[in-house]
Amino acid sequence: MSIAAPALDRTVGTRKDRGGRLLPTIVLLVGALYCLVAVAWVLVASTKSPGELFSTFTFAPGTGLLENLGNLFAYGGGQFGKWALNSLLYAGVGAVASTVVSAMAGFALAKYDFPGRNLIFYTILGGVLIPGITLAIPQYLLLSNLGLAGSYWSVLLPSIISPFGIYLSRVYAAAAVPAETIEAARIDGATEARIFTRVAVPMMIPGMVTVFMLQFVGIWNNFLLPYIMLSDQNRYPLTVGLYTLLAKGSGEASLYSLAITGAMLSIIPLVALMLFLQRFWKLDLISGGLKG
Amino acid sequence: MLSGRSGGPGMDEPRTAEPSAAWGTAQKGFVDAWNASHPNIQVTHTDAGGGTDSSAKLLTAARAGEAPDVALVEYQTLPSLIVGDVATDITQYVGDETRGAFSDSTWGLTTFNDAIYGVPQDVGPMALIYNQARFAELGITVPTIWAEFATAAEQVRKADPSTYIAAFSPEEFGFFAGMSQQAGAKWWEVDGETWTVGIDGEASRSVAAYWQDLVDRDLVRVEPLLTPEYNTALNAGQILSWPSALWAPGVIYGVAPEQAGKWAMAPLPQWTPGDKAVAYQGGSGVVVTTSAEHPQEATEFAAWINSSQEGADVQLSTGQYPASTLGQQAAVASPPPVLMPQQTDFWKVASQIAADTIPSITWGPNVNVASSAFQDAMGKAALAGTPLADALTETQHVVVDDMTTTGFQVAD
Amino acid sequence: MTTQNPARRAAESLPNRPRTVRTTGRRRVSVVPYLFLAPAILLLVVFLLVPIGYAVYLSFQGLRVVGGGAFGKRQQIFVGFDNYIAAVTDPEFVASFGRLAVYGLIAVPFTLGFALLFALLLDHPRTRGTRFSRTAIFIPYAVPGVVATLMWGFMYLPSTSPFSYLTEAFGGGPIPFLDLPWLFPSVANISIWGGVGFNMIIIYTALRGVPADIYDSARIDGASDWQIAWRIKIPLISPALVLTGLFSLIGTLQVYGEPTTLAPMAPAISQTWVPLMTIYRDAFTRDDLPLASASSVILAGGTVVASLVLLKITRKRAFGDSR
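These numbers come from a predicted model, not from an experiment. (Residues numbered from 1 in each chain as written. Chains lettered and ligands numbered in written order. Predicted model: local features only at pLDDT ≥ 70, side-chain atom pairs only at ≥ 80, totals over all residues. Heavy atoms only, no water.)

This next bit is on the overall build of chain B. Looking only at helices and strands, chain B features 17 helices and 15 strands. Counting only residues that meet the buried cut, chain B has 62% of its 412 residues in that class. With the model as given, the accessible surface of chain B reaches about 14500 Å², and the carbon-plus-sulfur share is 50%. (Helix = DSSP H or I, 4+ residues; strand = E, 2+ residues; numbered from the N terminus. Buried < 20%, exposed > 50% of the residue type's maximum accessible area, 1.4 Å probe, protein only. Areas by Shrake-Rupley, 256 points an atom, 1.4 Å probe, with all protein chains shown as cover.)

Here we take up unusual backbone geometry. Unlike most non-glycine residues, B:Asp85 shows phi in positive territory, near 60°. Along the polypeptide, B:Asp85 turns up in the loop between helix 3 (78-83) and helix 4 (96-101).

Residue and element names in this part refer to chain B. As summarised here, the arrangement of the 3 strands in space is 12-7-13, forming an open sheet in which the pairing is antiparallel. Because the sheet does not close on itself, it has two edges, and the strands there are strand 12 (241-245) and strand 13 (263-267). Each adjacent strand pair in this sheet contributes to an overall mean axis angle of 30°, direction not counted. Inspection of the sheet shows strand 7 (residues 126-131) paired to strand 12 by 5 bridges, in the antiparallel sense. (Pairing = 2+ DSSP bridges. Axes fitted to C-alpha atoms, helices over the stretch in contact; angles between N-to-C directions.)

Residue and element names in this part refer to chain A. The geometry of helix 4 (residues 79-111) relative to helix 10 (residues 192-221) is characterised by a closest axis approach of 8 Å and an angle of 140° between their N-to-C directions. On the basis of their axis angle, the class for helix 4 and helix 10 is oblique. The way helix 4 lies across helix 10 gives a crossing that is right-handed. Grouping the constituent residues of the contact of helix 4 with helix 10 by class yields 17 nonpolar, 7 polar and no charged. (Parallel < 35°, antiparallel > 145°, perpendicular 65-115°, else oblique. Left-handed = near helix turned anticlockwise from the far one by under 90°. Nonpolar A, V, L, I, M, F, W, Y, C, P; charged D, E, K, R; others polar.)

Within a sheet, neighbouring strands are paired by backbone hydrogen bonds and run either parallel or antiparallel to one another. Residues and elements named next belong to chain B. Across the sheet, which stays open at both edges, the 3 strands sit in the order 9-10-15 with mixed pairing between neighbours. Among the strands making up the open sheet, the edge pair consists of strand 9 (188-191) and strand 15 (409-410). Sheet analysis places strand 9 next to strand 10 (residues 194-197), joined by 4 bridges and oriented antiparallel. Each residue of the ladder has a partner; that of tryptophan 188, found in strand 10, is valine 197. The strands touched by helix 17 (residues 388-406) are strand 9, strand 10 and strand 15; relative to strand 10, the strand with the most contacts, the crossing angle is about 165°. (Contact = heavy atoms within 4.5 Å.)

Before going further, it helps to spend a moment on the packing of aromatic side chains. Going through the model one piece at a time under the given rule, you end up with 60 aromatic pairs over all chains. Summarising the aromatic geometry, the rings of A:Phe114 and C:Tyr34 are spaced 5.1 Å apart at their centres and angled 65° between planes, so their arrangement reads as edge-to-face. Placement of A:Phe114 in the loop between helix 4 and helix 5 (117-126) and of C:Tyr34 in helix 2 (residues 32-59) is noted, with the two residues assigned to different chains. C:Tyr34 sits in the partly exposed class, given a relative accessible area of 30%. Connected via pairs of aromatic rings, a cluster forms that spans A:Phe121, A:Tyr122, A:Phe164, A:Tyr167, C:Phe138, C:Tyr141, C:Phe198 and C:Phe247. It is A:Arg235 that lies over the ring of A:Tyr152; its NZ or CZ is 5.3 Å from the centre. Its guanidinium or amino end placed over the ring of B:Tyr164, B:Arg157 lies 3.9 Å from that ring's centre, counting from NZ or CZ. (Phe/Tyr/Trp six-rings, centres within 6.5 Å; stacked < 30°, edge-to-face > 60°. Lys NZ or Arg CZ within 6 Å of the ring centre and 35° of its normal.)

Within the largest apolar cluster, 312 residues are counted, with the highest numbers of intra-cluster contacts made by B:Trp188, B:Trp211 and B:Met265. When residues of this core are sorted by domain, at least three fall in each of domain 1 (1-55) and domain 2 (90-322) of chain C. Non-local contacts of B:Trp211, meaning those with residues more than four positions away in its chain, are made with B:Trp146, B:Phe149, B:Phe168, B:Phe175, B:Met179, B:Val220 and B:Pro243. (Core = buried A, V, L, I, M, F, W, Y, C linked by side-chain atoms within 4.5 Å. Domains from an automatic or database assignment.)

Before going further, it helps to examine the pairing of strand 13 of chain B. The side chains of a regular strand alternate, residue by residue, between the two faces of the sheet. All names here are of chain B. With 4 of 5 residues buried, strand 13 is to be regarded as a mostly interior element. As judged from the 5 bridges shared by strand 7 and strand 13, these two strands associate in the antiparallel manner. Following the sheet pairing, isoleucine 129 is matched in strand 13 by methionine 265.

This next bit is on the pairing of strand 7 of chain B. Most of strand 7 of chain B sits inside the fold, with 6 of its 6 residues counted as buried. Neither face of strand 7 of chain B is open: one carries B:Met126, B:Leu128 and B:Tyr130, the other B:Ala127, B:Ile129 and B:Asn131, and all of them are buried.

This part takes up the interface of chain A and chain C. In this complex, chain A contributes 110 residues to the contact, which on the side of chain C involves 108 residues. The contact between chain A and chain C buries some 10000 Å² in all, and 75% of this surface belongs to carbon and sulfur atoms. Linking chain A with chain C are 0 salt bridges. Where chain A touches chain C, the interface holds 6 residue pairs in polar contact (both at pLDDT 80 or more). A breakdown of the residues in the side of chain A that touches chain C according to their chemical character gives 78 nonpolar, 18 polar and 14 charged. (Buried area = accessible area lost by both parts, 1.4 Å probe. Salt bridge = Lys/Arg side-chain N within 4 Å of Asp/Glu carboxyl O. Polar contact = N/O pair within 3.5 Å; in protein donor to acceptor, adjacent residues only side chain to side chain.)

Below, the discussion takes up a nonpolar patch on the surface. Residues and elements named next belong to chain A. A contiguous nonpolar surface patch, about 280 Å² in accessible area, is contributed by Leu22, Ile26 and Val30. By the element assignment, leucine 22 lies in helix 1 (residues 15-45). Leucine 22 sits in the exposed class, given a relative accessible area of 54%. (Patch = residues over 30% accessible without salt bridge, like charges linked within 9 Å, V, L, I, M, F, W, Y side chains within 5 Å.)

Of the residues in chain B, 90% reach a pLDDT of 70 or more, and the chain-wide mean stands at 81. Scored below 50 in pLDDT, residues 1-25 of chain B makes 114 contacts in the model with residues more than four places away or belonging to other chains. (pLDDT = per-residue confidence, 0-100.)

Right, let's get into the side chain of B:Ser80. Structurally, B:Ser80 can be placed in helix 3. Setting aside chain neighbours within four positions, we find B:Ser80 in contact with B:Pro365, B:Val367 and B:Asn368.

Below, the structure is given as structure tokens:
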């Protein structure tokens with residue numbers, strides 16, 4: 001076994017082979033199971049009717065799934081459905097807008113040289129360090145001066161700016177769009193805008209998919225911003241809606257079941273999205289950009 | 001923080017289609033009834049979700065000019081709202097008919113410095129809700145004074161080691177305030193322009209000592225109320241009573257519907273035999289906000305939903321105990337709450353209790369600060385096993401400091 | 001035609017291209033890059049700079065009663081550094097940082113440690129089931145913090161916990177997840193659970209970028225997998241480690257959702273358990289926006305300082321050679 005040429009066979013040694021295969025696999029599987037156990041619990045718990053929730057072993061399936069689903073969608077005259085649509089709206093539109101803005105900004109920062117470039121870049125990066133709450137309240141006051149507080153815009157607009165997305169776009173643009181291609185296009189007489197849309201963007205797609213996905217997940221999961229901005233329950237995204245279910249739950253036990261069922265349902269779209277996009281996004285550009 | 005009506009704003013706006021928030025389904029009923037009978041002034045209702053943050057949200061919304069015209073708020077938050085310039089003075093808009101719809105002491109709940117800031121909606125005279133069936137089973141008599149309550153607690157523990165007479169949550173600000181008031185405490189007093197803060201006074205400390213004793217002897221469960229744990233125990237008949245207020249049956253029914261028929265209501269135990277006075281716990285009123293463009297109509301709306309026949313009907317159907325005289329009279333004629341269908345004299349006893357309620361506590365301008373300081377201090381004390389009375393001292397400290405910093409005059 | 005100088009080409013594709021690159025002899029100074037940047041800059045100014053500025057402005061204000069007797073209205077006036085002093089001398093605020101430190105000392109090493117471990121294992125040639133494991137470990141990233149806390153909260157609560165169910169079935173008592181001192185690991189666990197996957201992927205993709213020949217010579221020399229990992233892989237991916245470390249640090253300093261959502265189920269969590277909860281309480285429950293702003297500025301400043309310190313320390317190690 002160990003006589004293979006070094007360049008082809010990565011294994012050296014004898015007994016280490018078997019141990020080398022089993023132990024890592026087991027450790028990884030344990031990790032994987034640990035990550036899944038909470039999700040599994042939610043799946044099972046959402047099958048329990050309110051009565052069963054506190055009285056039976058929580059990993060044993062219950063009988064109330066359909067009842068829970070029915071109650072969930074009927075709650076507040078269909079609010080759960082609205083919450084789901086709201087989340088989709090905020091995350092979908094927000095992520096698309098954010099990707100476009102980030103791509104443009106990243107492209108400019110990577111491929112052009114202009115005064116103030118570094119200053120702008122570092123200011124953008126600094127935005128990552130500011131805690132959400134510090135921004136949320138002044139943003140709220142600002143938006144209400146504009147008459148937008150409590151509207152869909154109040155959640156969409158602040159979500160578009162993504163320092164991390166711009167950073168990623170810049171790194172990716174720098175790596176994936178060669179300068180000579182741009183040059184060639186310029187010589188051919190293309191306008192800068194055309195260069196961007198026809199030349200750069202197609203090359204930046206994998207990076208943009210990554211940015212899109214990160215923003216989508218980030219906005220979908222965001223709690224603080226919509227919580228502060230919105231006061232109309234019909235506009236809440238899933239995160240805030242589920243939280244209010246839980247907070248109200250102290251008065252009605254059945255709401256716990258609804259919250260759990262709602263949580264279960266809210267996980268599904270994101271997981272599906274990620275599984276689907278897995279092959280497209282490239283996170284190596286994050287670490288790759290640091291290699292200098 | 002619980003009071004049955006965990007402080008939710010109910011906000012409606014006449015004549016415009018702007019969304020407004022309300023706590024609970026009761027408010028929707030009001031709005032619908034009003035809109036049906038007043039086609040000239042239409043009101044819209046939106047649900048903000050209620051909960052403990054709602055008065056905070058109201059303040060923030062008001063600051064941003066986003067507040068609705070009308071809001072339902074807990075009485076104890078009213079002074080902060082006045083000082084925060086959210087609740088507007090409606091004395092001039094309140095007509096004689098409305099004035100007569102509530103007793104003077106009820107008006108005391110929304111009147112400060114001789115100015116009316118809101119219309120009372122429901123009140124929560126304190127009472128004892130207890131598991132009648134289990135009391136009988138374990139041979140416990142209903143206590144009429146707190147000393148008897150302590151004895152009963154011992155008996156319960158002896159009769160069934162898995163059961164407690166009640167749960168004590170150190171963080172229930174409203175409950176503790178009510179008990180202190182029953183013992184004679186005045187947490188805030190104002191004389192002219194000077195405030196006196198009495199959270200740390202003798203009466204309150206004796207209340208703290210009483211509960212401390214029960215806690216130390218393991219006669220009550222120490223935990224927050226209405227958590228899953230609490231609910232499970234309630235359903236299993238391991239928590240036998242809830243000293244609270246008249247709105248409690250609805251809440252218990254919500255978490256333990258199968259207990260219907262097993263519970264009953266009795267007057268709250270007294271400190272001295274023969275006394276009858278109890279305090280209010282919770283309850284809310286309707287304020288008109290400073291950003292309302294039509295305060296006259298807004299006041300009309302508030303007055304109507306809280307004192308008309310239709311309004312009373314809605315209140316009773318959702319388990320509120322009306323603040324209006326009309327509502328209370330109607331209550332006597334209505335069936336007992338779902339939790340205790342067997343207690344046919346429920347409303348008679350209730351109205352007697354209501355008549356004996358001490359006119360309202362004076363709430364100070366920073367109740368929100370007091371509440372959060374109280375919860376923190378008491379929570380810490382319960383966890384660490386330090387005396388609850390010390391937590392009162394700390395709360396007093398924080399409250400006085402805050403008032404002084406803000407610029408109020410506080411007596412030493 | 002432009003002269004295609006390989007050196008210049010190489011230079012041009014680096015992010016830190018020297019400023020004097022010329023193209024066709026003309027110096028490009030145009031308004032174009034600014035146009036591309038315009039939306040980002042506009043949003044940046046409106047939603048980042050202006051709010052920060054306003055928060056700083058607010059931090060020097062205070063709400064005081066100005067006249068009006070017992071029920072005077074509160075107004076906003078300038079109070080100088082009062083809020084900052086109040087924040088720094090507030091024992092609760094200071095204590096919340098202490099709790100944050102305990103939480104962070106558990107959360108950060110475990111998150112990064114597991115992320116690194118799993119990434120190394122994924123990169124190990126003999127591991128099976130990598131696709132499944134990788135996906136499974138990444139799934140928690142897709143779960144919102146509020147939902148994750150909800151799930152774990154129920155798994156900690158004695159009456160619904162499957163773990164306590166088992167211990168009780170075997171004669172023991174319920175596991176005190178939500179009591180001190182176990183509360184800290186319990187809360188940390190939620191963010192560890194949520195954070196490992198994302199960081200693992202970052203580290204793993206960095207590992208994937210290391211050419212295999214580097215390992216081969218080490219193997220020929222007889223190095224074990226463990227030694228390879230420790231001596232070769234980890235140093236080579238140190239930029240990725242620094243990045244994940246930075247994220248974890250910032251995330252820890254700004255933790256808010258987990259304790260807040262868990263609080264209704266865990267009496268041991270006070271309203272001011274971590275700094276951001278204190279800030280929220282000041283802003284909303286106590287209606288003292290200026291004080292909250294001052295505390296936020298302090299927290300944000302601390303975050304910046306901590307991040308810069310981290311970068312400074314690791315810069316030497318991580319980037320010293322390759323730059």
